[in-house]
Amino acid sequence: MDRPLNIANEAEMLAFGSKLAATLCPNLTIYLIGDLGSGKTTLVRGILHGLGYKGVVKSPTYNLVEIYKISRLYLYHFDFYRFNDPIEWEEAGFRDYFNCDSVCLVEWPEKANGLLPTADLQITIDIPESGREINVHAGTEAGKKCLTHW
Ligand SMILES: Nc1ncnc2c1ncn2[C@@H]1O[C@H](COP(=O)(O)OP(=O)(O)OP(=O)(O)O)[C@@H](O)[C@H]1O
Ligand SMILES: [Mg+2]
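Residues numbered from 1 in each chain as written. Chains lettered and ligands numbered in written order. Predicted model: local features only at pLDDT ≥ 70, side-chain atom pairs only at ≥ 80, totals over all residues.

S.K.: So what about unusual backbone geometry? Which residues, and what values?
M.R.: Of note in this structure, L64 is not a glycine but carries a positive phi near 70°. Tracing the sequence through the fold places L64 in the loop between α2 (40–50) and β3 (65–70). Its identity as a non-glycine residue notwithstanding, S71 has a phi of 55°, on the positive side. (Helix = DSSP H or I, 4+ residues; strand = E, 2+ residues; numbered from the N terminus.)

Given below as structure tokens:
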């Protein structure tokens, strides 16, 4: 997507997530980049609502990952803010979560530097004076394919 998107408020962020959900297919890794409180978890909530998930969407701040199974799709929502030990990566089996049946949404991917697969999509959220600004960048052919369905 060449142009930044202006997202005025939380409701618009949820709506953006729902719209994004319609473009997703399995075997995707999506990095969510933005400061604390920029709206990464809110965006994931919108994606899950868009996929028809009716339950509570918790921030994975303490567990590092929240797991959702929606129909045949596995969605893993990571938050690596508190991650600091690559051994934990192996022991928790995170590597196996990035597979051809899953969509992995990753908050704070910078903290797991070098362990994560390349991002198919990188979504950056900036905080201007009001609302949020979103930039979406496709890093792979699979990511580009998603954006053609936008
Ligand atoms: N477009 C928007 N404009 C203004 N406020 C927003 C917008 N989108 C989300 N918010 C608000 O910003 C806050 C974002 O919280 P959220 O937990 O989603 O951030 P986060 O990026 O996941 O933070 P963390 O890095 O701590 O996990 C919420 O209070 C939400 O209502
Ligand atoms: Mg969050």
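Here the narrative resumes, following the displayed structure.
S.K.: Break down the sheet that holds strand β4 (residues 73–79) for me, with residues and values.
M.R.: The 7 strands are arranged β1-β7-β6-β2-β5-β4-β3 in an open sheet whose pairing can be described as mixed. If you trace the sheet from one side to the other, it starts and ends with β1 (5–7) and β3, each paired once. Strand after strand, the sheet turns through a mean of 20° between neighbouring axes, direction not considered. Where β1 meets strand β7 (residues 132–138), 3 bridges bridge the pair, whose relative direction is antiparallel. Directly across from I7, in β7, lies its bridge partner R132. Strands in contact with helix α1 (residues 10–21) are β1 and β7; relative to β1, the strand with the most contacts, it is inclined by about 130°. (Pairing = 2+ DSSP bridges. Axes fitted to C-alpha atoms, helices over the stretch in contact; angles between N-to-C directions. Contact = placed C-beta atoms within 7 Å.)

S.K.: Can you tell me about α1, naming the residues and giving the values?
M.R.: When the terminal C-alpha atoms of α1 are compared, their 17 Å separation across 12 residues agrees well with the 16 Å that a helix rising 1.5 Å per residue should span. For α1, the secondary structure elements touched by its buried residues are β1, α2 and β7. (Expected span 1.5 Å × (residues − 1).)

S.K.: Got a sec to walk through the environment of D101? Specific residues and values, please.
M.R.: In this structure, D101 sits in the loop between α4 (94–97) and β5 (102–107). You can call D101 exposed: it has 11 C-beta atoms within 10 Å. When the C-alpha positions of D101 and Y74 are compared, they lie 6.3 Å apart, and in sequence the two are 27 residues distant. Contact partners of D101, with chain neighbours within four places excluded, come to P26 and Y74. (Buried ≥ 20, exposed ≤ 12 C-beta atoms within 10 Å, placed from the backbone.)

S.K.: Tell me about the pairing of β5, residues and numbers included.
M.R.: For β5, the tally of buried residues reaches 5 of 6 residues, placing the bulk of the element in the interior. Pairing between strand β2 (residues 28–33) and β5: 5 bridges, direction parallel. Looking at the pairing, T29 lines up with C104 of β5.

S.K.: Go over the nonpolar core with me, naming the residues and quoting the values.
M.R.: Buried together is how nonpolar side chains tend to be arranged in soluble globular proteins. By size, the foremost hydrophobic cluster in this structure holds 30 residues, and its most contacted members are I30, L32, L105, V106, L121 and I123. Sorting the residues of this core by element identifies α1, β2, α2, β4, β5, β6 (121–126) and β7 as the ones contributing at least two each. Once residues within four sequence positions are removed from consideration, L32 is found in contact with K40, L43, L105, V106, E107 and I123. (Core = buried A, V, L, I, M, F, W, Y, C linked by C-beta atoms within 7 Å.)

S.K.: Help me get a handle on the site of ligand 1, residues and values and all.
M.R.: Close to ligand 1 lie 19 residues, the nearest being M13, G39, K40, T41 and T42. At the level of elements, α1 and α2 are the ones that each hand at least two residues to the shell around ligand 1. (Near = placed C-beta within 6 Å.)

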